[in-house]
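One-letter residues, chain by chain:
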Amino acid sequence: MQNPATERYSSLETAVAEWVARVAAGSAVVIFSKSTCSMCHAMKVLLYGIGVHPRVYEVDEDPRSEEIERTLSSSTGNVVPVVFIGGKLVGSMDRVISFHINGTLVPLLKNAGALWL
Ligand SMILES: *[C@@H]1O[C@H](CO)[C@@H](O)[C@H](O)[C@H]1NC(C)=O
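About the thresholds
- Residues numbered from 1 in each chain as written.
- Predicted model: local features only at pLDDT ≥ 70, side-chain atom pairs only at ≥ 80, totals over all residues.
- Heavy atoms only, no water.
- Near = heavy atom within 4 Å.
- Areas by Shrake-Rupley, 256 points an atom, 1.4 Å probe, with all protein chains shown as cover.
- Helix = DSSP H or I, 4+ residues; strand = E, 2+ residues; numbered from the N terminus.
- Pairing = 2+ DSSP bridges.
- Axes fitted to C-alpha atoms, helices over the stretch in contact; angles between N-to-C directions.
- Contact = heavy atoms within 4.5 Å.
- Parallel < 35°, antiparallel > 145°, perpendicular 65-115°, else oblique.
- Left-handed = near helix turned anticlockwise from the far one by under 90°.
- Nonpolar A, V, L, I, M, F, W, Y, C, P; charged D, E, K, R; others polar.
- Buried < 20%, exposed > 50% of the residue type's maximum accessible area, 1.4 Å probe, protein only.

K.L.:
What should I look at first to understand the site of the ligand in this one?
P.N.:
Lining the immediate environment of the ligand, one finds R95, S98, F99, N102 and T104. Within the complex, the protein chains bury 47% of what would otherwise be the 360 Å² of accessible surface of the ligand.

K.L.:
Would you mind showing me how to read the environment of L12 here?
P.N.:
Take L12: it is sitting in helix 1 (residues 4-25). Counting along the chain gives 52 residues from L12 to R64, while the straight-line C-alpha distance between them is 9.1 Å.

K.L.:
Sorry if this is basic, but what is going on with the sheet that holds strand 2 (residues 55-58) here?
P.N.:
What the 4 strands build is an open sheet, ordered 2-1-3-4; its pairing is mixed. Each of the sheet's edge strands pairs with one partner strand only, and the pair in question is strand 2 and strand 4 (88-91). The average undirected angle you get between the axes of adjacent strands in this sheet is 25°. Lying over the sheet, helix 2 (residues 38-50) contacts strand 1 (29-33), strand 2 and strand 3 (82-85), oriented at roughly 160° with respect to strand 1. Each of strand 3 and strand 4 is contacted by helix 4 (residues 93-101), which is oriented at about 95° to strand 4, the strand it contacts most.

K.L.:
I keep staring at the packing of helix 2 against helix 4 and nothing clicks. Help me out?
P.N.:
In a pair of packed helices, the angle between the axes and the distance between the axes together describe the arrangement. Contact geometry for helix 2 and helix 4: axes closest at 11 Å, N-to-C directions at 25°. Regarding the angle of helix 2 to helix 4, the classification is roughly parallel. Of the two possible hands of crossing, helix 2 and helix 4 adopt the one that is left-handed. Across from M39, A42, M43, L46 and I50 in helix 2, the residues of helix 4 making contact are M93, V96, I97 and H100. For the contact of helix 2 with helix 4, the per-class residue count stands at 8 nonpolar, 1 polar and no charged.

K.L.:
What am I meant to see in the pairing of strand 4 here?
P.N.:
Successive side chains on a regular strand alternate, one facing one side of the sheet and the next facing the other. As paired strands, strand 3 and strand 4 are joined by 3 bridges and run antiparallel to one another. Bridge pairing in strand 4 places F84 opposite L89. The antiparallel hairpin formed by strand 3 and strand 4 contains 2 residues in its connecting segment, where G86 sits at a positive phi of about 60°.

K.L.:
Sorry, what's going on with the pairing of strand 3 here?
P.N.:
Because side chains alternate across strand 3, one face comprises the buried residues V82 and F84, and the other comprises V83 and I85, equally buried. Judged from the 4 bridges that link them, strand 1 and strand 3 form a sheet pairing that is antiparallel. Each residue of the ladder has a partner; that of V29, found in strand 3, is I85.

In structure tokens form, the structure reads like this:
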């Protein structure tokens with residue numbers, strides 16, 4: 001049985017899930033980050049070092065941060081940093097590093113239009 005509070009909550013959840021999907025698909029490289037998370041900082045440094053300028057969303061600076069984090073973990077199975085390249089989920093630091101190590105990160109970034117050289 002739904003009470004009005006639960007309904008409000010579900011529609012917020014749906015709105016946030018749609019927003020996350022739109023943001024993830026809206027730029028060549030997107031990082032959902034937290035300003036206080038050192039792994040998020042390391043992810044930015046890694047991508048900047050390759051020459052990529054990702055779109056960074058600091059989830060903790062958003063009033064819907066709890067909802068966004070819940071959506072990210074349920075839809076991607078990851079906690080921040082969560083990276084999307086070309087609208088596709090890559091994952092967190094370990095995944096990005098494995099793509100980098102096996103040489104598929106740069107081609108992926110080029111295909112997404114995030115790198116030209
Ligand atoms: C590179 O690593 C990623 C992440 O583990 C994996 O999904 C992908 O299939 C690998 N590609 C190759 C060519 O090994």
